[in-house]
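Geometric and topological summary
Below are the chains, spelled out letter by letter.
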Amino acid sequence: MDQPEQNVVTNTQLPKSQVEMTPGTPAVDTPDATVFDAQKVSCYYSSFRAVTDVSLSIYEHEITAFIGPSGCGKTTVLRTLNRMNDLVPGAHVEGDVKYRGASLYHKDVSPIAVRRRIGMVFQKPNPFPKSIYDNIAYGPRINGQHNKGKLDEIVERSLRQAALWDEVKDRLKASGLGLSGGQAQRLCIARTLAVEPDVVLMDEPCSALDPIATGAIEDLMRDLKAKYTIVIVTHNMQQATRVSDRTAFYSVLRNEKSDTRTGVLVEYGRTEQIFQDPRDSRTQAYVTGRMG
Amino acid sequence: MAVVAGQQQVDLREAKGWRRTSNRIVTALMVTAFVVVLIPLGFVLVTTIAKGASIISWSFLTSGPIPANVAPANVGGMGPAVLGTIEITALATVLAVPLGILGAVYLNEYGGKNWLAALIGFFSDVMTGVPSIIMGLFIFSIWVVHFGFSGLAGAFALGCLMLPIVIRSTYEMLRLVPNTLREGSYALGASKARVTMTVVLPAAIGGIVSGALLAVARAAGETAPLLFTILIVTAANPNVFSGANTSLPSQIFVNASSPYTGAQDRGWGAALTLIAICFILMIVARLVTARFARYSR
């Protein structure tokens, strides 16, 4: 049962730096390359500080899971990784997020160029009210690809990658809105893959799906890992253990004096370590189910 | 579930009492209101068809000039007025619909909560309530006194009338487009203009088109804005950009106030013609909406 109130960690002061944030130990753990490097990232919605001082690194060809109770800011952090929060009026970010060495929030950076490389799959499947074919071809088209043969190839390749080709190959001209929830979500994944991104961000991609569809998407994520870097927000801890290489546990921190709440990163490490040998008592309480 | 022996069966019938009575009273009131609304509509249609149908013929719709009021009913036709209505309304549509749609796109997609968008939205709503004859006087004072009467001036006046309707209906349709669709497009690296052109407008196009056609039908039936802008003439004027013109509503106005039965009969014919034109536009609106909404189910 979800009992978010119990998840609120009380503290009279916001932490300066929450936990020693050296993800993993390089000696036993040699990731390919760092894709994201966040340093002391705080996210605000107008004056509300949703997330405070998050620092973590995300590595190439890994699946990184963000877990934690509702309101802990995991989706907010995810959305800062491709500047999706720019679209929310009043949202701004402090601190630095480096993507392959470049500061994402530098004033010369175009959010369009960022999102072209860092795609996103949303909680609720959001196919466009267009045909299945046009849904997939949308991304390549806005990036200037209008060659019919090339588009056909991209559509087939993307649908195959998303394990949807066999189910829809005979009705590519049908509306994308006619698909079932699981199919629609795989369509959205295929649409994201069609622009050949470097990173795929997934915001609770299975929360609207049944266990069979969820299984299909998880298999898909494991396949995609070879080619892409994936960051997933999930409320489902089994899902995090099933698919992810690394897990970041976020929690809510309440300042009793000012009665404000903010999300913090409590612990980040290899998934086995987070679930079997958590170093923070809050992580332990959460992953063992004593909270939430 | 099986009923346990000896257990009293649950009574699932509707409970008697005030709740049931009030439910029935309100239902009866709603049905009455619906019928009351239908009665005037039915009378208008039946009367117009009864009095106008006999005079309508191909030559009534196409021939001109419009005969003098004293002429008997079987002489001449409303051709110039049909032509004038079609060309003036079409020109007004070309002027007002694109501008209105772009205005609504600005209000909903670009303006957000800034003061300019708030101001435009407010005055657009105020404009909806401005009496149509004021639009005619406005165009008369800024255009007609300098350039004379013309179909174009009439189109300006009708356009002023249509603009706030198009802005409001388009704005409401754009608001209905879920934000998740915009985000899906942004996440693929689309610019704001792309998102608007390729996702938001196509998703809302059905509603936008039907809103625009409703505005067109409204404008086609207006007399007041045309009184001071096109004058009312009897001869056909195919040149919409210069010279006085005429329209069906204007002719209905003239003929209905005439004492001659021939003129009155032609007025009924013109009224039926106008209703038919609006009816056809509505049907086209429905078909177009259905056509564009193909992918939204």
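Everything discussed here concerns the structure shown above.
On a predicted model such as this, the values are computed, not experimentally measured, just so you know. (Residues numbered from 1 in each chain as written. Chains lettered and ligands numbered in written order. Predicted model: local features only at pLDDT ≥ 70, side-chain atom pairs only at ≥ 80, totals over all residues. Heavy atoms only, no water.)

What follows is about the interface of chain B and chain A. Chain B puts 20 residues into the contact, and the matching count from chain A is 29 residues. Joining chain B to chain A, the criterion identifies one salt bridge. As a salt-bridge pair, A:Arg79 and B:Glu183 come within 2.8 Å of each other at their nearest N and O atoms. On the surface where chain B and chain A come into contact, there are five residue pairs in polar contact (both at pLDDT 80 or more). Looking at the side of chain B that touches chain A, the elements that each hand over two or more residues are helix H7 (179-186) and helix H8 (192-220) of chain B. For the side of chain B that touches chain A, the class distribution of residues is ten nonpolar, seven polar and three charged. (Contact = heavy atoms within 4.5 Å. Salt bridge = Lys/Arg side-chain N within 4 Å of Asp/Glu carboxyl O. Polar contact = N/O pair within 3.5 Å; in protein donor to acceptor, adjacent residues only side chain to side chain. Helix = DSSP H or I, 4+ residues; strand = E, 2+ residues; numbered from the N terminus. Nonpolar A, V, L, I, M, F, W, Y, C, P; charged D, E, K, R; others polar.)

Turning our attention to the pairing of strand E8 (residues 199-203) of chain A. All names here are of chain A. With five of five residues buried, E8 lies mostly within the body of the structure. Neither face of E8 is exposed, since Val199, Leu201 and Asp203 on one face and Val200 and Met202 on the opposite face are all buried. Across four bridges, strand E7 (residues 118-121) lies against E8 in parallel orientation. Note on E8: the bridge partner recorded for Gly119 is Val200. One ladder, built from five bridges, connects E8 with strand E9 (residues 229-233); its direction is parallel. In the strand pairing of E9, Met202 is matched with Ile232. (Buried < 20%, exposed > 50% of the residue type's maximum accessible area, 1.4 Å probe, protein only. Pairing = 2+ DSSP bridges.)

It is worth spelling out empty space enclosed by the protein at this point. All names here are of chain B. Counted according to the given criterion, the structure contains two cavities of 30 Å³ or more. In this structure, the largest cavity encloses a volume near 50 Å³. Around the largest cavity, the lining residues are Gly84, Thr85, Ile88, Thr89, Leu158, Ala219, Ala220, Glu222, Leu226, Ser247 and Pro249. Estimated volume of the second largest cavity: approximately 40 Å³. In this structure, the second largest cavity is lined by Met127, Thr128, Leu161, Pro164, Ile165 and Arg218. Mapped onto the lining of the second largest cavity, the elements with two or more residues apiece are helix H4 (115-128) and helix H6 (151-176). In terms of residue count, the dominant contributor to the lining of the second largest cavity is H6 (three residues). (1 Å grid on protein atoms, 1.4 Å probe; cavity = no way out; pocket = protein on both sides within 12 Å on 5 of 7 lines; lining within 4 Å. Points joined across faces, edges and corners; volume = space filled by probe spheres on them.)

What follows covers unusual backbone geometry. Among all residues except glycine, the phi angle is most often negative; among peptide bonds, the trans geometry is most common. Following B:Gly64, the chain continues to B:Pro65 via a peptide bond in cis, the omega torsion being -5°. Of note, B:Pro65 is situated in the loop between helix H2 (58-62) and helix H3 (79-111). With a phi angle near 45°, A:Lys40 is a residue other than glycine that sits in the positive phi range. One non-glycine residue with positive phi stands out, namely A:Asp53, at about 50°. Tracing the chain through its elements places A:Asp53 in strand E3 (residues 48-59).

Our focus in this paragraph is the nonpolar core. Of all hydrophobic cores here, the largest spans 80 residues; its most connected members are A:Phe36, A:Leu56, A:Phe66, A:Leu201, A:Tyr250, B:Met162 and B:Leu174. In terms of residue count, H8(B) provides more of this core than any other element does, 13 residues in total. Excluding anything up to four places from it in sequence, B:Leu174 contacts B:Ala104, B:Val105, B:Asn108, B:Glu109, B:Arg182, B:Val200, B:Leu201, B:Ala204 and B:Ile208. Counting 47 residues, the second largest nonpolar core, distinct from the first, contains A:Ala184, A:Ile189, A:Tyr228 and A:Phe249. (Core = buried A, V, L, I, M, F, W, Y, C linked by side-chain atoms within 4.5 Å.)

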